[in-house]
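Coordinate inspection notes
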Amino acid sequence: MEKAQVIVERTYDASPARVWRAITDPAQMKQWYLPVTDFRPEMGFETRFDQKVENKVFPHVWKVTDVVPGERISYEWHLTGFPGSSRVTFELTPDGEGTRVRVSHVGLETFRGDIHPDLHPKKIEDGWNYFMNESLTDFLEKGPVQVIMERTYNASPETVWRAITNAEQMKQWYMPLSDFRPVVGFETEFDITAKGYDWRHIWKITEVIPNKKISYEWRYGGFPGNSLVTFELEPQGKGTRLTLRHVGIETFEGYKNPGLRPENFEKGWGNLLGTMLTEFLEKKHAAVG
């Protein structure tokens, strides 16, 4: 019978989609939560990571057990070398223009806080109060003036590199480019029609490390501002971890130009990396197989 539990509820001035990404995207989770190396809101997904506290190392192990995208996620949580197992659940509910978040952490008594003081229920409760009332609050209030996302794909770095630098492949999941070459100084322009407006994209490559990293300036014809997009690739077992950074978005003055608001970029990158690129790479893998 589960006895010790922590329940924290708080309302944030952010949309459910924004909060969902904050609690499920590893690049964002690292900024306010724990040093996860990888995370995906998928049933059965498992991840391991170490948390260093002073001179101690706590090896965390999570396994996702329940997912309702944008609404709820649960995962088993235990620590290698310590007794017990617990379950964490995040539940999101729209609240006006914001989001009500309820976090429950049950099964804490199994950690035997009586012999492991660092895992005492009161200690864990203090941690959740900090995460939810201070750390996540501060993170969301800063707003997504930059987009940082991480995804791990079941494909080699070379395969992912071609997907993000070969014009013919980029057309299939990313942008309607007429030309693209991963060469410093290369420039390209193309239009995307959305909501009755033609958005002239202007890119200029600033850095290239083949199969590892590419950066390019990203701006719009007829609008103020300039930003920088960076893709970084790192081998992850038999796959590849991709880290995306898009900084300088605030220079587009989204408060004047609604189509260029930061949250639109965050939503767009989430779809491109979480759905479009994933499906493209899976199709290529199936074709080769």
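Up top is the structure these notes are about.
Owing to the predicted nature of the structure, the values given are computational and were not obtained by experimental measurement. (Residues numbered from 1 in each chain as written. Predicted model: local features only at pLDDT ≥ 70, side-chain atom pairs only at ≥ 80, totals over all residues. Heavy atoms only, no water.)

The next thing to look at is the environment of arginine 18. Tracing the chain through its elements places arginine 18 in helix H1 (residues 16-24). Separated by 52 residues in sequence, arginine 18 and glycine 70 have C-alpha atoms that sit 9.1 Å apart. Side chain to side chain, arginine 18 and glutamine 28 meet in a polar contact 3.1 Å long. (Helix = DSSP H or I, 4+ residues; strand = E, 2+ residues; numbered from the N terminus. Polar contact = N/O pair within 3.5 Å; in protein donor to acceptor, adjacent residues only side chain to side chain.)

Our next topic: the pairing of strand E2 (residues 46-53). In this sheet, strand E3 (residues 56-68) lies alongside E2 in antiparallel orientation, the contact comprising eight bridges. Along E3, the bridge assignment pairs glutamate 46 with lysine 63. A loop of two residues connects E2 with E3, the two strands running antiparallel in sequence, and glutamate 54 in this loop sits at a positive phi of about 55°. (Pairing = 2+ DSSP bridges.)

Right, let's talk about a negative patch on the surface for a bit. On the surface, Asp13, Glu97, Glu134, Asp138 and Glu141 cluster together into a patch of negative charge. Here aspartate 138 shows up in helix H3 (residues 121-142). By relative accessible area, aspartate 138 is classed as partly exposed at 43%. (Patch = residues over 30% accessible without salt bridge, like charges linked within 9 Å, V, L, I, M, F, W, Y side chains within 5 Å. Areas by Shrake-Rupley, 256 points an atom, 1.4 Å probe, with all protein chains shown as cover. Salt bridge = Lys/Arg side-chain N within 4 Å of Asp/Glu carboxyl O. Lys, Arg positive; Asp, Glu negative; His and termini not counted. Charge placed at Lys NZ, Arg CZ, Asp CG, Glu CD. Buried < 20%, exposed > 50% of the residue type's maximum accessible area, 1.4 Å probe, protein only.)

Side chains carrying opposite charge are able to pair once their charged atoms draw close together. Inspection of every chain in the model, using the stated rule, returns 20 salt bridges. The salt bridge partner of lysine 30 is glutamate 150, with a shortest N-O separation of 2.9 Å. Of the two residues, lysine 30 is situated in helix H2 (residues 26-32) and glutamate 150 in strand E7 (residues 147-153); the sequence distance between them amounts to 120 residues. For lysine 30, a relative accessible area of 39% gives the class partly exposed. A salt bridge links aspartate 118 to lysine 56, with the shortest nitrogen-to-oxygen separation between them at 2.5 Å. With aspartate 118 in the loop between strand E6 (98-106) and H3 and lysine 56 in strand E3, the pair connects residues that are 62 residues apart, well separated along the chain. Residues joined in a network through salt bridges with shared partners are Glu9, Glu91, Arg100 and Arg102.

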